[in-house]
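Summary of structural features
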Amino acid sequence: MTKPLTKDDYSPSDVTVHRDPARIGRVVRALRGAGRNVVLVPTMGALHAGHRQLMRECHVLQNTVVVVSIFVNPLQFGPSEDLDRYPRQLESDVDICRDERVGLVFAPSVEDMYPAGAQVTVEPGPLGDELEGASRPGHFGGVLTVVSKLFNIVGPNYAVFGQKDYQQLTLIRKMVRDLNFPLDVVGVPTVREFDGLALSSRNVYLDPEQRQAAIALSAALSAGAHVSAQGAEAVLKTARSVIDASPLVELDYLELRDPDLGPAPENGDARLLVAARVGSTRLIDNAPVLLGAGDE
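Residues numbered from 1 in each chain as written. Predicted model: local features only at pLDDT ≥ 70, side-chain atom pairs only at ≥ 80, totals over all residues. Heavy atoms only, no water.

This is how it is decided: UniProt positions are given in the numbering used here, feature names are shortened, and annotations may be inferred rather than shown by experiment.
The name given to the chain in an unreviewed UniProt entry is Pantothenate synthetase, with Lentzea tibetensis as the source organism. You can read under Catalytic activity (unreviewed entry) in the UniProt record for the chain the words "(R)-pantoate + beta-alanine + ATP = (R)-pantothenate + AMP + diphosphate + H(+)". What the UniProt record of the chain gives under Pathway (unreviewed entry) is the line "Cofactor biosynthesis; (R)-pantothenate biosynthesis; (R)-pantothenate from (R)-pantoate and beta-alanine: step 1/1."

**Quick notes on the UniProt feature "active site" (unreviewed entry) in the chain**
Stated formally: Throughout, a residue-residue contact means that at least one pair of heavy atoms, one from each residue, lies within 4.5 Å.
According to UniProt, the "active site" (unreviewed entry) feature falls on His51. Non-local contacts of His51, meaning those with residues more than four positions away in its chain, are made with Thr43, Gly45, Ala46 and Ser201.

**Brief notes about the sheet that holds strand β9 (residues 281–291)**
What counts is decided by this rule: Paired strands are those between which DSSP finds at least two bridges. Numbering of helices and strands starts at the N terminus; helices are DSSP runs of H or I of at least 4 residues and strands are runs of E of at least 2. Here, axes are lines fitted to C-alpha atoms. For helices the fit covers the stretch in contact, and angles between N-to-C directions go from 0 to 180 degrees.
An order of β7-β8-β9 is seen for the three strands of this open sheet, with the pairing classed as antiparallel. In this open sheet, the two edge strands, each paired with only one partner strand, are β7 (249–257) and β9. Each strand of the sheet is rotated relative to its neighbour by a mean of 15°, with strand direction disregarded. Pairing analysis gives eight bridges linking β7 to strand β8 (residues 268–278), with the strands arranged antiparallel. Counterpart to Leu256 in the pairing with β8 is Leu272. Along the sheet, helix α10 (residues 232–244) contacts β7, β8 and β9; its crossing angle with β7, the most-contacted strand, is approximately 165°.

**Points about the side chain of Ser201**
To be explicit about the condition: Exposure classes here rest on a 1.4 Å probe applied to the protein chains alone. A residue is buried below 20% of its type maximum, exposed above 50%, and partly exposed in between.
Mapped onto the elements, Ser201 comes out in the loop between β6 (184–188) and α8 (208–213). With a relative accessible area of 9%, Ser201 lands in the buried category. Setting aside anything within four residues of it in sequence, one finds Ser201 in contact with Gly45, Ala46, His48, His51, Tyr86 and Pro87.

**A look at the sheet that holds β6**
Spatial strand order, β1-β4-β3-β2-β5-β6: six strands in an open sheet with parallel pairing. Two strands lie at the open edges of the sheet, namely β1 (16–18) and β6, each paired on one side alone. Averaged over all neighbouring strand pairs, the angle between strand axes comes to 25°, with direction disregarded. In terms of strand pairing, strand β2 (residues 37–43) meets strand β5 (residues 158–162) through two bridges, oriented parallel. Paired with Val39 across the strands is Tyr158, a residue of β5. Along the sheet, helix α1 (residues 21–33) contacts β1, β2, β3 (64–70) and β4 (104–106); its crossing angle with β4, the most-contacted strand, is approximately 150°.

**Quick word on the pattern of salt bridges**
Going by this rule: Here, a salt bridge means any side-chain nitrogen of Lys or Arg that lies within 4 Å of a carboxyl oxygen of Asp or Glu.
Within the structure shown, the criterion is met by 18 salt bridges. Linked by salt bridges that have partners in common, Arg52, Arg56, Asp99 and Glu100 make up one network.

**Here we look at the nonpolar core**
Soluble globular proteins: nonpolar side chains tend toward being buried together. Spelled out, the test is: By nonpolar core we mean a set of buried residues, namely Ala, Val, Leu, Ile, Met, Phe, Trp, Tyr and Cys, connected to one another through side-chain atoms within 4.5 Å.
Residues Val67, Leu104, Met113, Val147, Phe151, Phe161 and Ile172 are the most contacted members of the largest nonpolar core, which totals 42 residues. For this core, the element with the most residues is helix α6 (residues 139–154), which contributes nine residues. Those residues in contact with Val147 that lie beyond four places of it in its chain are Phe161, Ile172 and Met175. Core analysis: the second largest hydrophobic core is formed by 25 residues, Ala216, Ala239, Val289 and Leu291 among them.

**Digging into the domain arrangement of the chain**
The following threshold applies: Source of the domain bounds: an automatic or database domain assignment. Accessible area that two parts lose when put together, with a 1.4 Å probe and added across both, is what the buried area reports.
Assigned domains within the chain: domain 1 (16–188) and domain 2 (203–291). Here the C-alpha centroids of domain 1 and domain 2 sit 26 Å apart. In total, about 1,400 Å² of surface goes out of reach between domain 1 and domain 2, with carbon and sulfur atoms giving 50% of it. Connecting domain 1 to domain 2 are two salt bridges. Put simply, Glu130 and Arg257 hold a salt bridge, and the shortest N to O gap is 2.8 Å. Counting residues per element, the ones that place at least two in the side of domain 1 that touches domain 2 are α5 (132–135) and α7 (166–178).

The following block contains the structure:
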């Protein structure tokens, strides 16, 4: 028999923080058994306005309990990446969750998530070695492993992710389909600052000059999309010219793909993706484009 929830497990009037995977699993099962829709927002913390938008999207559903996970996942960081300096600010993150009417925060330790180490992981397939995967070997195996664990621990009806990490979103959707996870994945459009820069927890690393230079990423996407009626070559040429005009931006890749990140079509829906370093900070962005849509 399922134990009744207490104020220490779940309070409808305030956010409740859990660290133990077994305990939050029990709470969510009880809530779902009572007819609640459970929506998971996986994050690594350092929450910002983009995360707030993800949380707000959850409330579109009726009778919803929102669960936000806050976990800096070591499996998705390479040896030379910023795991140690990645911002960790649990107290202020919980305050943001409270503001956005989140019901539960799951904030496990590394030992909670990987008590025996990560001996079994999820293989992302060929797409995991392309784009971000080519620059960050093993990254998407780490992402899919932790996301699959969160799905199994929390057991949500829905999971919400931002489109800024478009390759991540695409791979998670493929994993849910291929491994038969019983949930729906919702993608939310990228939230941007007033000048177009995509919101990211890593933006805090940029000094004022770098912050100004970083606008080139979103500007390149916008410029490329503006000439999409002229075809893929024009899109890429135009976008690259914007990046090349900013000497502080070191381009990693600029690619045009179909919406599932296969080869770009000659006409129709496509996705323009960019990654670059500004100083020591690596930034990514993407935008939809419609190829060959102009008047003949």
